[in-house]
Structure formats: C-alpha cells, structure tokens
Amino acid sequence: MKLPNWKRKYKDLRKTHRRVSRSYRALSHLILAMQSERELTALLEVMARRTTEVIEADRCAIFLVDRERGELWSRVALEADEIRILLGEGIAGEVAATGKSLNIPDAYADPRFCRDIDQQTGYRTRNLLCAPIRSPAGEVIGVFELINRGWPSEGSQLVRWC
C-alpha cells in the first residue's frame, strides 16, 4: 500500500531529524574531546571515530607527513594496522603532494588508487573522500581519509568544505 504524500514526507523528515540529531551528538562529543584531550594519538582517534559516525563512513585514516622519509604514515587507521605510503602514491599520497581534496566515487575505477592495502587486508574500498590537513602556516602536514560512504555530489557542502 502506497503512503499518502504527506505521510511519506513526514517519515522522511523524521529520518532526517534522527540523522541530524546523531550527527549533532557526535560533533558535540568531538568538540568536548578536542577541548580536553591532551595526547595527540587519543585526540586523533576520537576525531576519526566521531567523523566516521557523522559522515556514516565505514572507516577513517589520519595520515601524517614524514618529509624526511618522503612518505605518509597512518597515525590513526580505524580497523587497520599501520599504513605507510610514499608521498604522491595513491589517493592519500596525491592529496598530500598537491594539497587538494579528492572525492573518489569509485576507487577501483581511478588509476591513482593503490589496491595493495585492500589486497593485504581483504577489505574492499568502494569510495573515498580525502582532504589535506594543514598547519597554521598552510603547509600540508597530513591527510584525513574517509572510506566507503555514499558520497554527495561534487557540489555538495561537505565536498566544498574539504
């Protein structure tokens, strides 16, 4: 039986309200953690977990740039061991090298995507959103990567923010 139009809209509105409420709670916890956490790894883990909740992604990784070695290493990688990649290699490496965010709707269709990590872990990356982390001086010091989310279009507010 098909719902009347107003009932369908009401149901959609309630669903949206629940999602926004969850996001608000997660962001509130993130802000509290940022104000109180003094240990960097613990703070990054909280940031990764809360952002993953808000964005409704499967996984998140926060990479830091090691300029001496010319690589990125995962300071935090939810559901994964430490990851090391060369600057310029893969999606995260390119974001670190160029300083530009990337929204990749189909990871395996993008020639920049490095399949090695999926092969090692048995995990399947479908899509990702990757943004540079900058120092106050504007230098790229890391990369924030969210994995497997039904991303909005290129013109969405989230993508413009990154």
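From a predicted model like this one, the values you see are computed outputs, not experimental measurements.

### Observations regarding the sheet that holds strand E5 (residues 128-134)
Hydrogen bonding along the main chain pairs the strands of a sheet, whether they run parallel or antiparallel.
Next, step 1: The sheet built from 6 strands is open, its strands ordered E3-E2-E1-E6-E5-E4 with antiparallel pairing. The open sheet is flanked by strand E3 (84-86) and strand E4 (102-104), the only strands paired with a single partner. Taken pair by pair, the neighbouring strands of this sheet meet at an average axis angle of 25°, ignoring direction.
Next, step 2: Pairing geometry for strand E2 (residues 71-77) and E3, over 3 bridges, is antiparallel. What sits directly across from tryptophan 73, in E3, is arginine 84.
Next, step 3: Sitting on the sheet, helix H2 (residues 40-55) touches strand E1 (59-66), E2 and strand E6 (140-147), and the angle it makes with E2 is about 75°.
Next, step 4: Across the sheet, helix H3 (residues 90-98) is in contact with E1, E2, E3, E4, E5 and E6; its angle to E5 comes to roughly 30°.

### Describing unusual backbone geometry
Next, step 1: Backbone geometry places asparagine 148, a non-glycine residue, at a positive phi of 60°.
Next, step 2: Examined against the element boundaries, asparagine 148 turns out to sit in the loop between E6 and helix H5 (157-161).

### Things to note about empty space enclosed by the protein
Next, step 1: Under the definition given, this model contains 1 cavity of 30 Å³ or more.
Next, step 2: If you add up the space inside the largest cavity, you get close to 300 Å³.
Next, step 3: Looking at the largest cavity, it is lined by 23 residues, and the ones nearest its centre are Ile83, Ile117, Thr125, Glu145 and Ile147.
Next, step 4: Sort the elements by how many residues they give to the lining of the largest cavity and E1 lands first, with 4 residues.
Next, step 5: By residue class, the composition of the lining of the largest cavity is 16 nonpolar, 3 polar and 4 charged.

### Topic: the packing of aromatic side chains
Next, step 1: Applying the stated criterion across every chain, the model contains 1 aromatic pair.
Next, step 2: Across from the ring centre of tyrosine 123, 3.6 Å away, lies the NZ or CZ of arginine 59, which sits over that ring.

### A look at the nonpolar core
Next, step 1: Counting 21 residues, the largest nonpolar core has Phe63, Leu72, Ile91, Ala92 and Val143 as the members making the most contacts within it.
Next, step 2: For this core, the secondary-structure elements that each account for two or more residues are E1, E2, H3, E4, E5 and E6.
Next, step 3: It is H3 that contributes the most residues to this core, 4 residues altogether.
Next, step 4: In this structure alanine 92 touches Phe63, Leu72, Ile85, Cys130, Val143 and Glu145, once residues within four positions along its chain are discounted.
Next, step 5: Of all hydrophobic cores here, the second largest spans 10 residues; its members include Leu44, Ile55, Ile62 and Phe144.

### What to know about the pairing of E6
Next, step 1: E6 sits mainly inside the fold: 7 of its 8 residues count as buried.
Next, step 2: As defined by bridge partners, E1 adjoins E6 across 6 bridges and the pair is classed as antiparallel. In the strand pairing of E6, alanine 61 is matched with glutamate 145.
Next, step 3: Across 7 bridges, the pairing between E5 and E6 is antiparallel. The residue of E6 that forms the bridge with cysteine 130 is glutamate 145.

### As for the side chain of aspartate 118
Next, step 1: The residue aspartate 118 is located in helix H4 (residues 116-121) in this model.
Next, step 2: No salt bridge is formed by the buried aspartate 118; the nearest opposite charge belongs to arginine 124, separated by 5.8 Å.

Procedures and definitions
- Residues numbered from 1 in each chain as written.
- Predicted model: local features only at pLDDT ≥ 70, side-chain atom pairs only at ≥ 80, totals over all residues.
- Heavy atoms only, no water.
- Pairing = 2+ DSSP bridges.
- Helix = DSSP H or I, 4+ residues; strand = E, 2+ residues; numbered from the N terminus.
- Axes fitted to C-alpha atoms, helices over the stretch in contact; angles between N-to-C directions.
- Contact = heavy atoms within 4.5 Å.
- 1 Å grid on protein atoms, 1.4 Å probe; cavity = no way out; pocket = protein on both sides within 12 Å on 5 of 7 lines; lining within 4 Å.
- Points joined across faces, edges and corners; volume = space filled by probe spheres on them.
- Nonpolar A, V, L, I, M, F, W, Y, C, P; charged D, E, K, R; others polar.
- Phe/Tyr/Trp six-rings, centres within 6.5 Å; stacked < 30°, edge-to-face > 60°.
- Lys NZ or Arg CZ within 6 Å of the ring centre and 35° of its normal.
- Core = buried A, V, L, I, M, F, W, Y, C linked by side-chain atoms within 4.5 Å.
- Buried < 20%, exposed > 50% of the residue type's maximum accessible area, 1.4 Å probe, protein only.
- Lys, Arg positive; Asp, Glu negative; His and termini not counted.
- Salt bridge = Lys/Arg side-chain N within 4 Å of Asp/Glu carboxyl O.

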